[in-house]
Amino acid sequence: MTKFGFKITLIDAGTSANANINTEAMDVNLYQFAYVQILTASLNASDGVFKLQDSNDGTNWHDIAGVTVNVLSAAPSHIIRVTTPIVATYLRGVWTKNTVNAGTINVIVSLKK
């Protein structure tokens, strides 16, 4: 079993899901792998999208291939595993609400060296 250690809350519990969100950048220079848990409540649509992006300078962001999930209103929890080693200095999360205009979202990232 792989244990993940350092945890970062990207989006606080109870944050409204009815707006697009770019989280603050997190410095992941000392870590290689990430495990992301997305928790939602009372979403009124199933077309919201959460993805991770990486950057070497904290300014120019790139989607990480295979690390995007469609957040379904019927499923209150979604998991993303970054299965390839992280080579960038920074990561951030991006929530795109699309037609979601009710409910809450919470995102927690666990990092592993």
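Residues numbered from 1 in each chain as written. Predicted model: local features only at pLDDT ≥ 70, side-chain atom pairs only at ≥ 80, totals over all residues. Heavy atoms only, no water.

## Re the side chain of glutamine 53
Under the convention used in this document: Strands here mean DSSP runs of E at least two residues long; helices mean DSSP runs of H or I at least four residues long; both are numbered from the N terminus. With a 1.4 Å probe rolled over the protein chains alone, any residue whose accessible area is under 20% of its type maximum counts as buried; one over 50% counts as exposed, and the rest are partly exposed. Under the rule applied, a polar contact is a pair of N or O atoms within 3.5 Å (in protein, one hydrogen donor and one hydrogen acceptor; residues adjacent in sequence only if both atoms are side-chain atoms). By the convention used here, residues are in contact when the closest approach between their heavy atoms is within 4.5 Å.
Its place among the elements puts glutamine 53 in strand E5 (residues 48-55). Given the relative accessible area of 8%, glutamine 53 is considered buried. Engagement of the side chain of glutamine 53 in a polar contact is seen with the side chain of aspartate 63, the distance being 2.8 Å. At 2.7 Å, the side chain of glutamine 53 and the side chain of arginine 92 are in polar contact. Each residue touching glutamine 53, except ones within four places of it in the same chain, is listed here: Trp61, His62, Asp63, Ile64, Tyr90, Leu91, Arg92 and Val94.

## Observations concerning the packing of aromatic side chains
Heads up, the condition is: Classification of ring pairs rests on two measures: the distance between centres of Phe, Tyr or Trp rings, Trp counted by its six-membered ring, which must be within 6.5 Å, and the angle between planes, read as stacked under 30 degrees, edge-to-face over 60 and tilted in between.
In this structure the tally under the stated criterion is one aromatic pair. Both rings, one in phenylalanine 6 and one in tyrosine 31, keep their centres 5.8 Å apart while their planes meet at 15 degrees; by these two values the pair is stacked. On the criterion of sequence distance, the pair formed by phenylalanine 6 in strand E1 (residues 6-16) and tyrosine 31 in the loop between strand E3 (26-27) and strand E4 (33-41) is long-range, its members being 25 residues apart. Among the residues examined, phenylalanine 6 registers a relative accessible area of 45% and is labelled partly exposed.

## Notes on the nonpolar core
Filter applied, for reference: In this description, a nonpolar core means a group of buried Ala, Val, Leu, Ile, Met, Phe, Trp, Tyr and Cys residues linked to one another through side-chain atoms lying within 4.5 Å.
Core analysis: the biggest nonpolar cluster contains 29 residues, and Leu10, Ile38, Phe50 and Trp95 have the highest contact counts within it. Elements represented by at least two residues in this core include exactly E1, E4, E5, strand E6 (62-71), strand E7 (77-82), strand E8 (90-96) and strand E9 (104-112).

## Describing the environment of leucine 43
Residue position: leucine 43 is located in the loop between E4 and E5. Judged by its relative accessible area of 10%, leucine 43 falls in the buried class. For the pair formed by leucine 43 and alanine 17, sequence separation is 26 residues and the distance between their alpha carbons is 7.5 Å. Residue contacts for leucine 43: discarding those within four places in its chain leaves Ala17, Val71, Ser73, Val100, Ala102, Gly103 and Thr104.

## Observations concerning the sheet that holds E7
Basically, it comes down to this: Here the rule is simple: two strands pair whenever DSSP picks up at least two bridges between them. Angles shown run from 0 to 180 degrees and are taken between the N-to-C directions of axes, each axis being a line fitted to C-alpha atoms and, for helices, limited to the stretch in contact.
Strand order in this open sheet of four strands is E1-E9-E4-E7, and the pairing throughout is antiparallel. The outermost strands of the open sheet, each flanked by one partner alone, are E1 and E7. On average, each strand axis in the sheet is tilted by 10 degrees relative to the strand beside it, whichever way the strands run. Where E4 meets E9, nine bridges bridge the pair, whose relative direction is antiparallel.

## Concerning the confidence of the model for the protein chain
We count it as follows: Every residue is assigned a pLDDT by the predictor, reflecting its confidence on a scale from 0 to 100.
On average, residues of the protein chain score 89 in pLDDT, and 96% of them reach the 70 mark or higher. Per-residue pLDDT, averaged within each element of the protein chain, yields its smallest value for E7 (88) and its largest for strand E2 (residues 21-22) (96).

## Some remarks on the pattern of salt bridges
Rules: By definition, a salt bridge exists where a carboxyl oxygen of Asp or Glu is found within 4 Å of a side-chain nitrogen of Lys or Arg.
For the coordinates displayed, the defined rule picks out one salt bridge. With a shortest N-O distance of 3.2 Å, lysine 51 and aspartate 63 are connected by a salt bridge. Here lysine 51 is found in strand E5, whereas its partner aspartate 63 is found in strand E6, with twelve residues between them in sequence. Classification of aspartate 63 as partly exposed rests on a relative accessible area of 44%.

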